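Survey of secondary and tertiary structure
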Amino acid sequence: MSFSDSGSSSNGGDYKDFRQITRERLLCEMLRPERNGSSKLTWKVLVMDKFTVKIMSSACKMSEITQEGISLVEVITKHRQPMTSMEAIYFIQPTQENVTTFLSDMTGKSPLYKRAFVFFSSPVSRSLVNLIKKDMRAMKRIGGLKEMNLEYISMDIQGFITNNENALEELFSDEENHQNADDCLNVVAKRIATVLASLKEYPLVRYRSAKALDATTMTTYRELIPTKLAASVWNILARYKQTIEDFPQTETCELLILDRSIDQIAPLIHEWTYDAMCHDLLNMEGNKYTHEVPSKTGDKPEKKEVLLDEQDPIWVELRDVHIADASERLHEKMTNFVSKNKAAQLKHSSKDFGDLSSKDLQKMVHALPQYSEQMDKLSLHVEIARTINKTIMEQGLRDLGQLEQDLVFGDAGRKDVIKFLSTNHIINHESKLRLMMIVAGIYPKKFEGEKGRKMIELAKLTGDDIIAVNNMRLLGPVQTESKKSTTGSFPLKFDVLKKKRAARIDRVGETQTWQLSRFYPIVEELVEKLSKGHLPKQEFPCMNEPKPTFYSGSQSPSSSPVLPHSRRTPTWARRHLSDDGYFSDSVLGRASSGLKRKGQRIFVFIVGGATRSELRVCHKLTEKLDREVILGSSSFLDPQTFLTKMKRLNEEEEISLDDIII
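What you see is a predicted model, and the numbers here were worked out from it, not measured in a lab.

As a further point, take the overall build of the chain. Assigned secondary structure in the chain consists of 23 helices and 18 strands. Counting all 662 residues of the chain, 55% fall into the buried class. Long-range pairs, those at least 24 residues apart, make up 81% of the contacts in the chain with a sequence separation of at least 6. Only carbon and sulfur atoms are counted for the fraction: they give 49% of the accessible area of the chain, which is about 29900 Å².

In this section: the pattern of salt bridges. This model, assessed by the stated rule, comprises 37 salt bridges. R627 is the partner of E254 in a salt bridge, and the nearest nitrogen-oxygen pair spans 2.9 Å. Taken together, the residues E254 in strand β11 (residues 253-259) and R627 in strand β17 (residues 627-633) connect sequence positions 373 residues apart. Like R627, E254 is buried. Within the structure, one salt-bridge network assembled from shared partners comprises R507, E524, E528, K620 and K624.

Now for the side chain of K432. You can see K432 is positioned in helix α17 (residues 429-442). Put simply, K432 is tucked away with no salt bridge, and the nearest opposite charge, on D465, sits 9.9 Å away. Setting aside anything within four residues of it in sequence, one finds K432 in contact with L421, I427, L458 and A459.

Residues in a regular strand project their side chains so that they alternate between the two faces of the sheet. Among the ten residues of strand β4 (residues 83-92), seven are classified as buried, and the element is accordingly described as predominantly covered. By the bridge criterion, five bridges tie strand β2 (residues 44-48) to β4 in an arrangement that is parallel. Looking at β4, one finds that V45 is bridged to A88. Where β4 lies against strand β5 (residues 113-120), seven bridges are found, and the strand directions are parallel. Each bridged residue has a counterpart across the sheet, and for F91 the counterpart in β5 is F119. You can see the chain leave β4, run along helix α4 (residues 96-105) and come back into β5, and the turn it takes is right-handed.

It is worth spelling out helix α15 (residues 397-408) at this point. Its twelve residues place the ends of α15 16 Å apart at the C-alpha level, agreeing with the 16 Å of an ideal helix rising 1.5 Å per residue. Of all twelve residues making up α15, nine are buried, and the element is well covered by its neighbours. Along α15, the residues classified as buried are L397, L400, G401, L403, E404, Q405, D406, L407 and V408. Two residues or fewer after α15 comes G410, characterised by a positive phi angle close to 80°.

Taken as a whole and assessed by the stated rule, the structure comprises eleven aromatic pairs. Ring geometry for Y202 versus F247: centroids 6.2 Å apart, planes at 70°, classification edge-to-face. Within this pair, whereas Y202 is found in the loop between α8 (179-198) and β9 (203-207), its partner F247 is found in the loop between α9 (225-243) and β11, the two being separated by 45 residues in sequence. Assigned by exposure class, Y202 and F247 land together as buried. Following the ring pairs from residue to residue traces out a cluster consisting of F18, Y152, F160 and F605. The lysine or arginine in question, R504, covers the ring of Y520, its NZ or CZ lying 5.8 Å from the ring centre.

This paragraph deals with the nonpolar core. In this structure, M56, L229, Y274, I388, M436 and M437 are the most contacted members of the largest nonpolar core, which totals 155 residues. Per element, the largest residue contribution to this core is ten residues, and it comes from α8. If we ignore the near neighbours within four places in the chain, the residues touching M437 are L268, A468, V469, M472, F642, L643 and M646. I76, V99, F102 and I132 belong to the second-largest nonpolar core, a separate cluster that totals 23 residues.

With respect to the helices and strands, V382 occurs in helix α14 (residues 358-394). Separated by 52 residues in sequence, V382 and L330 place their C-alpha atoms 6.3 Å apart. Residues contacting V382, with those up to four places away along its chain left out, are L330 and M334.

Here we come to unusual backbone geometry. Located in the positive-phi region is K200, a residue other than glycine, with phi close to 50°. Within the secondary structure layout, K200 lies in the loop between α8 and β9. In this model, D246 sits at a positive phi of 65°, which is unusual for a non-glycine residue. Exposure remark for D246: the relative accessible area of 55% places this residue in the exposed category.

Bringing the pairing of strand β16 (residues 599-607) into the picture now. Counted residue by residue, β16 has nine buried out of nine residues, so it is predominantly covered. In this sheet, β16 lies alongside β11 in parallel orientation, the contact comprising six bridges. In the strand pairing of β16, L256 is matched with V604. Where β16 lies against β17, six bridges are found, and the strand directions are parallel. Paired with V604 across the two strands is L631, which belongs to β17. A crossover links β16 with its parallel partner β17, the connecting element being helix α22 (residues 612-625), and its sense is right-handed.

Each strand in a sheet pairs with another by means of backbone hydrogen bonds, the pair being arranged parallel or else antiparallel. Spatially, the six strands line up as an open sheet ordered β7-β8-β17-β16-β11-β9, and their pairing is mixed. In this open sheet, the two edge strands, each paired with only one partner strand, are β7 (153-156) and β9. On average, adjacent strands in this sheet sit at an angle of 25° to one another, irrespective of strand direction. Strands β8 (159-161), β9, β11 and β16 of the sheet are contacted by α8, whose axis makes an angle of about 160° with β16. Lying over the sheet, α22 contacts β7, β8, β16 and β17, oriented at roughly 165° with respect to β17.

Time to look at the side chain of H291. Position of H291 among the secondary structure elements: in strand β12 (residues 288-293). The buried category is assigned to H291, whose relative accessible area is 9%. There is a polar contact of 3.2 Å between the side chain of H291 and the side chain of E383. Filtering out sequence-adjacent residues up to four positions away, H291 remains in contact with E302, K303, K304, V306, L380 and E383.

How each quantity is defined
- Residues numbered from 1 in each chain as written.
- Predicted model: local features only at pLDDT ≥ 70, side-chain atom pairs only at ≥ 80, totals over all residues.
- Heavy atoms only, no water.
- Helix = DSSP H or I, 4+ residues; strand = E, 2+ residues; numbered from the N terminus.
- Buried < 20%, exposed > 50% of the residue type's maximum accessible area, 1.4 Å probe, protein only.
- Contact = heavy atoms within 4.5 Å.
- Areas by Shrake-Rupley, 256 points an atom, 1.4 Å probe, with all protein chains shown as cover.
- Salt bridge = Lys/Arg side-chain N within 4 Å of Asp/Glu carboxyl O.
- Lys, Arg positive; Asp, Glu negative; His and termini not counted.
- Pairing = 2+ DSSP bridges.
- Right-handed = clockwise from strand over helix to strand, strands pointing away.
- Expected span 1.5 Å × (residues − 1).
- Phe/Tyr/Trp six-rings, centres within 6.5 Å; stacked < 30°, edge-to-face > 60°.
- Lys NZ or Arg CZ within 6 Å of the ring centre and 35° of its normal.
- Core = buried A, V, L, I, M, F, W, Y, C linked by side-chain atoms within 4.5 Å.
- Axes fitted to C-alpha atoms, helices over the stretch in contact; angles between N-to-C directions.
- Polar contact = N/O pair within 3.5 Å; in protein donor to acceptor, adjacent residues only side chain to side chain.

Remember, this is a structural readout, not a statement about activity or role.
Shown next as C-alpha cells:
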C-alpha cells in the first residue's frame, strides 16, 4: 500500500482543456481498471460521498463511467447491500466520518466488498492515515490508497466552483470570533489548490489587498478576505511543491484572488446575453431547463428536462451573445434548416407520399433521424428565446435595463429613479429591489433621511428588502476618516467620483452593436491589466515576486516562446450549415473543436460567488488575450440567489488587524 500523488494527463501530448483534464483524471487515473493483458472487463462498485458525486457528475456521463467497468454507483452514507464477490472503488473526501464508514465496510465477518481501492479527493491528515493503518483486517482488503487532489466541480469548459454555497454569508456576516469564516476560507483554499494540482500549474498569486495593511489601522475582517485566502492557497502550494511528483517549481500561470466586494453591480444588473437571461428569467436549476413537449399519446403536454451545456453546440454559439442577436441567429438557422434539409423540404411540401419518387423517399428516409435531432435542438432554443423576449416585454425590462446602465455609467441619478418608479407600473417587485440595491451601491448616502424614505415608499420595499438594500454597504469600500481617498486604477471607488457617480466608464475601443450591451463586469478590466503586467501592486500585491522574464513569457506564442507548461485552448468558431442544413460539426457533437496553442493560463477566483457575466468575459478574454482564462468561485450566483443572501447579512463592528502568517 502506498500514498501516491496525483498525476496529470495535461503534461505532454495533445492539448486537453480544463474540463477534459478533470474528466480524464477521473476516468483514466481512477476508474480505468488494470487489464493485465486481458480484454475482459472486471465490473466494480463505485462508492462516493455527496460532494464527490457532484464532482463526478459535473465532468463525466454515466455511460462513460459504465464503460470503465462500473456496474453500480453507491453513496457511502446510505445503507448498501453486500457485494462480496466484487471490488469497490471509493472516491471520498478525507473526513473522519467517511474513513470510519469505509473501515466498517471492509471489516467484520462479512465485509461489503472483496477488495477496495480508495481515492481521496484531497490530502489526508496523518491522524486518518494512522487510523487506517491500525485496522489490520481492513488493510488486508485494501488494494490501494491515493490522494487524487481533485476537489472541485467543473461548471464550464472555463469555470469551476468549490461548492461553498454559504461563503458570502459566512464571510460577510457578523461573527465575533470569525471561526466560521476562517474554516470556510481554509476549505476554499484547499479546493483551489486541487485545481492547480490537477492541471500541474504553479501560479504567480495576486490578490486584492486591504486598504492599509499596518498594525495601527482599524480594519474589518471583510477587507482581509482575499489576503487570508491567498496566504492559505500559497501555503498549500508550497507543500505541493515538495510532495507532488512533477509539480512545477517555477511559475507557470497567474492566479488573481478577489471577493464579491470587488463588484457589487454584476450580480444585480440585468445582463442581456442569452446565457444570463436564461439563468435570470427562466426557472433553471443549474444548467437544467425544464420545458413542456407534446405528449406522444395525445394527452396533456409532458415535462422534459434538458441540459444547456457544452454538449449542445447551439448553446455554445449563442450563450455569450446579446439576446437580440441570439434571436436573429436562431431565426436564420431555422430558415436555413427547413430550406436545405431534405426531410424538412418534403414535410413542408404539398406532395403526398404516393406522389414521391423512390429517389425522394430514399432521401427522406436518410434525412429523418438527423432531421428529428436537429429540429428538437433548434425548436428548444427558439422556444427559450421566445419565452425570454415575451418576459422582457411583459415586465418592461428594456426601459429598466436602460435606466440601470445609465446609473452605472453616471448618466442618470436619484431623480431619474424617482421619475421611473412614479411612472412605470409594470416592473415586478424583484426588479424594483434590484434597482434600489444598484442605487445603494452607487449612491449609498441617497438612502439616508427623507430622500431614502421616498424611494423606498415608491418601490414598496418590505422589511427584508430594506435589510438587503442596507447590507450593500457591507460589500462596498469601507470609509475611514483617517485615510485619504485616492483614485484607484479602476473606476469602482464611489467616494472619489465627483460627477453623477459612476461605477464604470466606457471602455476605449469598445463598440456596442446592440442596445443595453454597454455594461461590463470589473473583472474584465482587472484581467486585461493583469495580462499586460499593468495591475498595480499596491492594490493587488504578489505573494511571490515573478522572475523578470515571466511577463514576456506569458504573452501569446506569436510574440514570444511558449513556456513548458503553457497550454492550448479552444477557439469558438461560429458553425456553418452544410448543404443539407446540418451544422458542419453536428449539433450533437462536442463543442470544443479547433484547438490552437495559447499563452499561459490565467485563473481568477472570486470568493462569495461569481456571475454569468463574469464567466462570459473569461470566454471573451481567452480569445482577445490569446490566453486561457479560467474563472473559479465558491458558487455561481443568479440574481434571485444573491438577493436572498443579501437579506441574511448583518453589519459587523470594526476589529483590530490580525497578524497574518504567510
